[in-house]
Amino acid sequence: MRIFTAALATETNTFSPICIDRRAFEDSLYAPPGEHPATPTLCTAPITVGRKVCTDKGWTLIEGTAAWADPAGLINRQAFESLRDEILDQLRAAMPVDAVVLGLHGAMVADGYLDPEGDLLTCIREIIGPDILLCAELDPHSHLTAKRVAAADFFVVFKEFPHTDFVDRAEDLWRIAVDTLEGRVKPVMSVFDCRMIDVFPTSREPMRSFVDRLVAIEMVDPEVLSLSVIHGFMAGDVPEMGTKTIVVTDGHPEKGAMLARELGLDLFAKRGTFMMPQIDEKAALDQALAYPEGPVVIADMWDNPGGGTAGDATVILEEMLARGVTNAAVGMIWDPIAVQICMAAGEGAEIPLRFGAKSAPGTGHPIDGLVKVVKVVPSAEMRFGDSIAPFGDAAHINLNGIDIILSSVRVQSYDPSLFTALGIDPTAKHLLVIKSTNHFYAAFSQIASEILYCAAGTPYPNDPAKTAYRHVRRDIWPIMANPHDAPEGSEAA
């Protein structure tokens, strides 16, 4: 067997002012054929898992380019087209192949392309023809378009949020692909549109039990090859944004359609109950400072670079400084210019510095102060499960008793190793402020005495009932109260 694999992934917040060009991919991950590291990134696990599978089977794995950019705003048209065409040219050179196995995110939007992944998959299908297997792993915070479903044989989606299972799901993807190629199964994909916009953390109920139910069904029913939920990505203003369920069966489309509908309507019935409770910055600090033991983690959940924001909001830090908080650490604030200044000053220097809140309204005010440059680290990295997340040149500064990490590459706060990389012991702090919606939970919950979810400022469009969408359909909850009672495609609000 000859199998082609590649990855092209990012998540586009169409409301973000931070645009993505080719350099953004190079800053995060750009690996030409054969140069992908042994450890996967969030959306490239099909490549690393595929190496092992094909080695064990004695098959030929032909690797194309792997490219991942940390989430931001619109992708530069030339950047998308050049990366797409690079992969397509590699596939043409590899032909004939028996299968194409991809790592995608699923929430890209490029200048001139509302559905870049649909475009890529359609181009691949045109090259390989109708009978060659085409499958991909997706992030659940994606858009499942009709164009993608028409082009691919099946998708497997991360089940967990935080995404702790991206390697496990890549193994599922390859298991189904191998069984298909060896003639044991005939995957058929069924999709149900839940007609809703919501957020589904699996670290709490009711989504925890729902995901456990999916796993249980997969284990006991041999006709069900895979079950997935596309959560949707509410900051992506595209026509087919929203929650959908996917059932991949072994040649049973009617059963798949019925099960997808059943699961989708169960999700819809629980709409609005999945999100964690949120408090503002004042309440968060009131509660955090009242706890006798730390570290208390405050998640600045909507200034999350993993959702495409800049990650430079200072709303919580301003409140901390106003209250004279000490024994606290903030990780991270994105400010490449401030990092350059700190690196030029050197470790131990005391300098006047302005940092943060440069990207957009609703992110607070720039912070001015006399800071001590405690540590500078070129090309800093932290862990994220089985992968490594780079956050570029970084500086650890101290301002009025608060340790603050400044980064030059936008990335959310995945793991306490972001603090240790800059010489900070997170377990010794009473208060840790991080920037992440929920991916932090798996790692930080192991050291936190308490976790508080804080909605501070307005860096992210987190209320779809009020977001000024231009492309999103109107017959979808919460824009419409009961969309399943309305005709498909209704524009009533």
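About the criteria used
- Residues numbered from 1 in each chain as written.
- Predicted model: local features only at pLDDT ≥ 70, side-chain atom pairs only at ≥ 80, totals over all residues.
- Heavy atoms only, no water.
- Helix = DSSP H or I, 4+ residues; strand = E, 2+ residues; numbered from the N terminus.
- Rg over C-alpha atoms; globule rule 2.2 N^0.38 Å.
- Contact = heavy atoms within 4.5 Å.
- Areas by Shrake-Rupley, 256 points an atom, 1.4 Å probe, with all protein chains shown as cover.
- Lys, Arg positive; Asp, Glu negative; His and termini not counted.
- Charge placed at Lys NZ, Arg CZ, Asp CG, Glu CD.
- Domains from an automatic or database assignment.
- Buried area = accessible area lost by both parts, 1.4 Å probe.
- Polar contact = N/O pair within 3.5 Å; in protein donor to acceptor, adjacent residues only side chain to side chain.
- Nonpolar A, V, L, I, M, F, W, Y, C, P; charged D, E, K, R; others polar.
- Buried < 20%, exposed > 50% of the residue type's maximum accessible area, 1.4 Å probe, protein only.
- Pairing = 2+ DSSP bridges.

### What about the overall build of the chain?
Next, step 1: Along the chain, the regular secondary structure elements total 13 helices and 17 strands.
Next, step 2: Relative to a compact globule of 493 residues, whose C-alpha radius of gyration would be 23 Å, the chain shows 23 Å and is just as compact.
Next, step 3: The principal-axis extent of the C-alpha atoms belonging to the chain is close to 65 × 50 × 40 Å.
Next, step 4: Within the chain, counting contacts between residues at least 6 apart in sequence, those at least 24 apart form 74% of the total.
Next, step 5: Element-wise, carbon and sulfur atoms account for 52% of the exposed surface of the chain, whose accessible area totals about 17900 Å².
Next, step 6: In the chain, 40 positive and 67 negative side-chain charges are present, and the distance between their average locations comes to 2 Å.

### Remarks on the domain arrangement of the chain
Next, step 1: Segmenting the chain into domains produces domain 1 (1-267) and domain 2 (279-452).
Next, step 2: Centre-to-centre, using C-alpha coordinates, domain 1 lies 32 Å away from domain 2.
Next, step 3: Every contact between the two is made by 24 residues of domain 1 and, on the other side, 21 residues of domain 2.
Next, step 4: Of the roughly 1800 Å² buried between domain 1 and domain 2, counting both surfaces, carbon and sulfur atoms make up 62%.
Next, step 5: Among the residues domain 1 hides against domain 2, the three largest losses belong to Ile18, Asp70 and Pro162. Together they make up 24% of the total.
Next, step 6: The interface formed by domain 1 and domain 2 includes 7 residue pairs in polar contact (both at pLDDT 80 or more).
Next, step 7: At the level of elements, α1 (22-28) and α6 (166-181) are the ones that each hand at least two residues to the side of domain 1 that touches domain 2.
Next, step 8: Looking at the side of domain 1 that touches domain 2 residue by residue, the classes come out as 12 nonpolar, 9 polar and 3 charged.

### Describing the pairing of strand β10 (residues 296-300)
Next, step 1: Most of β10 sits inside the fold, with 5 of its 5 residues counted as buried.
Next, step 2: The side-chain alternation of β10 yields two buried faces, one formed by Val296, Ile298 and Asp300 and the other by Val297 and Ala299.
Next, step 3: With 4 bridges joining them, β10 and strand β16 (residues 431-434) adopt parallel strand pairing. Paired with Ala299 across the two strands is Ile434, which belongs to β16.
Next, step 4: Direction of pairing for β10 relative to strand β17 (residues 450-454): parallel, over a ladder of 5 bridges. Bridging from a neighbouring strand, Asp300 pairs with Cys454 of β17.

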